[in-house]
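If you want the building blocks of each chain, they are given just below.
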Amino acid sequence: MISNLGKKLSRTRENLKARFDELVKSGKTRDDILDELGESLILADVGWHTTEKIIEHIREKSKKSDSFLAIKDLLDKEIAKILSEFHCGPNLNHPPCVIVLVGVNGGGKTTSLAKLGYRYKQEGKTILMVAADTFRAAAQEQLSIWGKRLNIPILRGQYGADPASVVFDAIQSFKSKPHDFLMVDTAGRIHTNVNLMNELEKIKRVISREIEGAPQEVLLVLDASIGQNALIQAKEFLKFSGLTGVFLTKLDGTAKGGSVISIVDELKLPIKFVGTGEGAEDLIDFSPREFVKALLS
Ligand code: GDP
């Protein structure tokens, strides 16, 4: 993961590194270093709230005479601590499992579902997917294209049908010919927020009623390349009760990789998967320790 993620995070890392290199040479005192460090974190899109928290913790733990390298060591530890606090891996080891992806349109839900399908199919698992966004023909079409490409069966409902009833029908197929994974793509019309959240609650209720212990994962798909705006979008989805974690997309090539830290800090949800490109294979499991290495070393 480190070398792959290291390449994808190179823009964020190089911006940080350029500033860190200057600080090493500058011979500045701790308080000046901390001011500049705070600025660097804001520029990497860590966000005000989380940056302040990090800087204050470092201030408490360091001595006034500490060098930049001692402070950088505390920074690594502080970020690792934030990322580890809620961390847990995907709860998908005991099929049959149901995975639901939610999030605003354009964030990468359909592509991410395809990545999960590809991953588990490679592991020899049987998969059924359902396109539960019944108002966006393009979304259903896009999932069907992925289905053909990956040779995974896709179920879709009639235009305008109740998404929860489409999911109900999919569950009956899932049960009648047992598969390992049912993967559900949902709508992301954020402007009809209340309806959307009710719709998601209903989908979740249907799944829990029909399959004991399911859904195992309900992942909020967030686009890391929009940095702090991803957090604003995410907060809307916290009104929906069932989230189990985050699937962070488009971490490749962004200069806003620092947003990952505030996403975990503020949403208090684990990041379970990271998308690093548009291909089916561009998927990695999130590891806090390795993320810190890829970002800061
Ligand atoms: P949806 O509307 O939430 O289902 O989003 P889509 O799956 O249609 O994705 C929107 C766009 O983001 C598409 O052009 C995808 O190829 C692209 N995309 C999705 N995930 C990633 C990723 O991890 N990296 C990059 N670079 N692009 C991605």
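Placed above this text is the structure.
Computed from a predicted model, the values in this text were never measured in an experiment.

Cut-offs applied
- Residues numbered from 1 in each chain as written.
- Predicted model: local features only at pLDDT ≥ 70, side-chain atom pairs only at ≥ 80, totals over all residues.
- Heavy atoms only, no water.
- Axes fitted to C-alpha atoms, helices over the stretch in contact; angles between N-to-C directions.
- Helix = DSSP H or I, 4+ residues; strand = E, 2+ residues; numbered from the N terminus.
- Contact = heavy atoms within 4.5 Å.
- Near = heavy atom within 4 Å.
- Polar contact = N/O pair within 3.5 Å; in protein donor to acceptor, adjacent residues only side chain to side chain.
- Areas by Shrake-Rupley, 256 points an atom, 1.4 Å probe, with all protein chains shown as cover.
- Nonpolar A, V, L, I, M, F, W, Y, C, P; charged D, E, K, R; others polar.
- Buried < 20%, exposed > 50% of the residue type's maximum accessible area, 1.4 Å probe, protein only.
- Pairing = 2+ DSSP bridges.
- Right-handed = clockwise from strand over helix to strand, strands pointing away.

A. Region of interest: the packing of helix 2 (residues 10-26) against helix 5 (residues 68-85). Running from amino to carboxyl end, helix 2 crosses helix 5 at an angle of 145°, the nearest separation of the two axes being 9 Å. The residues of helix 5 that touch helix 2, namely those facing Phe-20, Leu-23 and Val-24, are Phe-68, Lys-72 and Leu-75.

B. Just unusual backbone geometry, in detail. The amide bond that connects Pro-95 to the next residue, Pro-96, takes the cis arrangement and shows omega of 5°. Topologically, Pro-96 is positioned in the loop between helix 5 and strand 1 (97-102). Cis rather than trans, the peptide bond between Ala-214 and Pro-215 has omega equal to -5°. Here Pro-215 shows up in the loop between helix 9 (193-210) and strand 5 (217-223). Here the phi dihedral of Asn-151 falls at roughly 60°; this positive angle occurs in a residue that is not glycine.

C. Structural context of the site of the ligand. As a matter of local geometry, the ligand sits amid 18 residues, with Gly-106, Thr-110, Thr-111, Asp-252 and Glu-278 nearest to it. Contact distances for the ligand include 2.8 Å between an oxygen atom and a backbone N or O atom of Lys-109. Separating a nitrogen atom of the ligand from a side-chain N or O atom of Asp-252 is a distance of 2.7 Å. Burial of the ligand by the protein amounts to 81% of the accessible area it has alone, namely 580 Å². Counting residues per element, the shell around the ligand draws most heavily on helix 6 (residues 109-122), at 4 residues. Looking at the shell around the ligand residue by residue, the class counts come to 1 nonpolar, 11 polar and 6 charged.

D. Local environment of the environment of Ser-297. Within the secondary structure, Ser-297 sits in the segment after helix 12 (288-296). For Ser-297, a relative accessible area of 65% translates into the label exposed. When sequence neighbours within four positions are dropped, the list of residues in contact with Ser-297 reads Arg-13 and Val-292. A polar contact is formed between the side chain of Ser-297 and the backbone oxygen of Lys-293, at a distance of 2.4 Å.

E. Representation of the sheet that holds strand 8 (residues 283-285) within the structure. Here we have 8 strands laid out as an open sheet, ordered 3-2-4-1-5-6-7-8, and mixed in their pairing. With partners counted over all chains shown, the strands left at the sheet margins are strand 3 (154-156) and strand 8, one partner each. Put simply, the sheet's adjacent strands are angled 25° from each other on average, direction ignored. Against the sheet, helix 8 (residues 163-176) touches strand 1, strand 2 (127-131), strand 3 and strand 4 (181-185), its axis set at about 165° to strand 2. Relative to strand 6 (residues 245-249), helix 11 (residues 259-267) is tilted by about 160°, and along the sheet it contacts strand 5, strand 6 and strand 7 (271-275).

F. View of the pairing of strand 7. Of all 5 residues that make up strand 7, 5 are buried, and the element is covered over most of its length. With 3 bridges joining them, strand 6 and strand 7 adopt parallel strand pairing. Opposite Phe-247, over in strand 7, you have Phe-273 as the bridge partner. You can see the chain leave strand 6, run along helix 11 and come back into strand 7, and the turn it takes is right-handed. Bridge count for strand 7 against strand 8 is 3 bridges, and the pairing is antiparallel. Across the sheet, the residue bridging to Gly-275 is Leu-283, located in strand 8.

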